[in-house]
Amino acid sequence: MAKSLNFFGGFKLTLQHLTRPRVTVSYPQAKRPKQPRQHGRHVLNRYEDGMEKCIGCELCAGVCPANCIYVRGLDNPPNHPVSPGERYGYVYEINYLRCIHCDLCVEACPTQAITESKMFEFSFTNRADAIYTKAELVVDDQGFPKRLPWEDWREGEAAMTGGWMRATSPSGEAAYEGVIQWTADLGAGTRAAEAGQNEGRNDEATGSKPLRRAFAKHLQPDDVPSDLRGLSGRVNEMKAKLPKRLRDKL
Ligand code: SF4
Ligand code: SF4
């Protein structure tokens, strides 16, 4: 009897998992939503009037730790300027065999010309193809990243490029949280500021999601935020769903 109980006891873990949400997906047919601040393939942005934001200053190339950006600036033609600045990025190349997606280039850029999409599913069969040229990196006439034939784009991966850099302010100055310090982008307009971890953050406006809450069931106990643990965590979650005026009364 005891032996047969042990036998069925072996299925306990399996049975427990039958009712739990599945964490695996059939990749690449299905992809998990990307993290709001995912660092993927770069884009070169344009202003709302279609002009390029890149002024060919080469700061991105200078700061890149992998030495994978090559920029050449050129004076804007007076009769048909490419950018509003004195110069524009005449040549712009990124070697993706070297890029480590650290985004230091994004941080260094004075005009928010270069940001990163969330798409990282692309591959090459030779070295030359790994070097993206300006024609491939500049956003299209609607302001969206060009979807190149060898790239696997899905919904949302072109949204909120470089959202993380719109978090608070340069140098992390808290006083500037929520203050917009960037220019509008073609297709996206003036992007919302990503707020910090406070109540005022607007996840819908910024394309961010409270991922830690969404995936709390799959986290290790220590990784679950303390206010979401156990019974009191469930109470806090229910409270968070109430309208603000009711929450204030509790
Ligand atoms: S993300 Fe980092 S490694 Fe890649 S191009 Fe930018 S600075 Fe260089
Ligand atoms: S992307 Fe930005 S940092 Fe790089 S050359 Fe253009 S303007 Fe300068």
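See the structure above.
Note that residues are indexed from 1 along each chain, following the sequence as it is written. Here chains are named by letter from A upward and ligands by number from 1 upward, in the order in which they appear as written. A pLDDT threshold of at least 70 governs which residues receive local features in this predicted model, and a stricter bar of 80 or more applies before side-chain atom pairs are shown or counted, although totals over entire chains, interfaces and linings include all residues. Hydrogens and water molecules were not included; the side-chain quantities draw on all heavy atoms of the structure.

(A) Local environment of the site of ligand 2. Looking at ligand 2, there are 14 residues lining it, with C54, C57, E58, C60 and C109 nearest. Class assignment of the residues belonging to the shell around ligand 2 gives a composition of 11 nonpolar, two polar and one charged. In this text, near means that some heavy atom of the residue lies within 4 Å of the molecule or strand in question. All residues other than Ala, Val, Leu, Ile, Met, Phe, Trp, Tyr, Cys, Pro, Asp, Glu, Lys and Arg, Gly among them, are scored as polar; the first ten of these are nonpolar and the last four charged.

(B) Just the sheet that holds strand β2 (residues 69–75), in detail. Pairing between strands is defined by DSSP: at least two bridges between them are needed. Elements are defined by DSSP. Helices are runs of H or I of four residues or more, strands are runs of E of two residues or more, and each kind is numbered from the N terminus. An order of β2-β3-β5 is seen for the three strands of this open sheet, with the pairing classed as antiparallel. Looking along the sheet, the strands with just one partner apiece sit at the ends: β2 and β5 (131–132). Bridging between β2 and strand β3 (residues 87–95) involves seven bridges; their strand directions are antiparallel. Note that in β3 the partner of D75 across the bridge is R87.

(C) Representation of a nonpolar patch on the surface in the model. On the surface, F7, F8, F11, L15 and L18 cluster together into a nonpolar patch covering about 580 Å² of accessible area. Broken down by secondary-structure element, the contributors of at least two residues to the nonpolar patch are α1 (2–9) and α2 (12–18). You can see L18 is positioned in helix α2. Patch definition: residues with relative accessible area over 30% and no salt bridge; like charges joined within 9 Å; nonpolar side chains (Val, Leu, Ile, Met, Phe, Trp, Tyr) joined within 5 Å. A 1.4 Å probe and the Shrake-Rupley method give the accessible areas. Residues count as covered only by the protein chains that appear here. Any Lys or Arg side-chain nitrogen located within 4 Å of an Asp or Glu carboxyl oxygen qualifies as a salt bridge.

(D) The nonpolar core, seen in detail. Throughout this description, the term nonpolar core refers to a set of buried Ala, Val, Leu, Ile, Met, Phe, Trp, Tyr and Cys residues connected via side-chain atoms within 4.5 Å. Relative accessibility decides the category of a residue: with a 1.4 Å probe and only protein chains considered, values under 20% of the type maximum give buried, values over 50% give exposed, and everything between is partly exposed. Membership of the largest hydrophobic core comes to 26 residues, with the highest contact counts inside it found for C68, I69, Y92, I94, Y96 and L137. Broken down by secondary-structure element, the contributors of at least two residues to this core are α3 (59–63), β2, β3 and α4 (104–108). When near neighbours in sequence (up to four residues on either side) are disregarded, I94 contacts H42, C68, I69, I114, A130, I131, Y132 and L137. Working rule for contacts: check all heavy atoms of both residues, and any pair within 4.5 Å makes them a contact.

(E) Structural context of the environment of G178. Residue placement: G178 occurs in the loop between α5 (134–137) and α6 (203–206). Judged by its relative accessible area of 41%, G178 is partly exposed. In the structure, G178 is positioned 15 residues away from A193 in sequence and 5.1 Å away in space, judged by C-alpha atoms.

(F) Structural context of the packing of aromatic side chains. Think of it this way: a Phe, Tyr or Trp ring, Trp meaning its six-membered ring, pairs with another when their centres are within 6.5 Å, and the plane angle makes it stacked under 30 degrees, edge-to-face over 60, tilted otherwise. The tally for this structure, following the rule as stated, stands at seven aromatic pairs. A ring pair is formed by F124 and Y132, whose centres lie 6.4 Å apart and whose planes are at 80 degrees; its orientation type is edge-to-face. Taking relative accessible area as the criterion, Y132 reaches 0% and is therefore assigned buried. Put simply, the rings of Y96, F122, F124, Y132 and W150 pair up and form one aromatic cluster.

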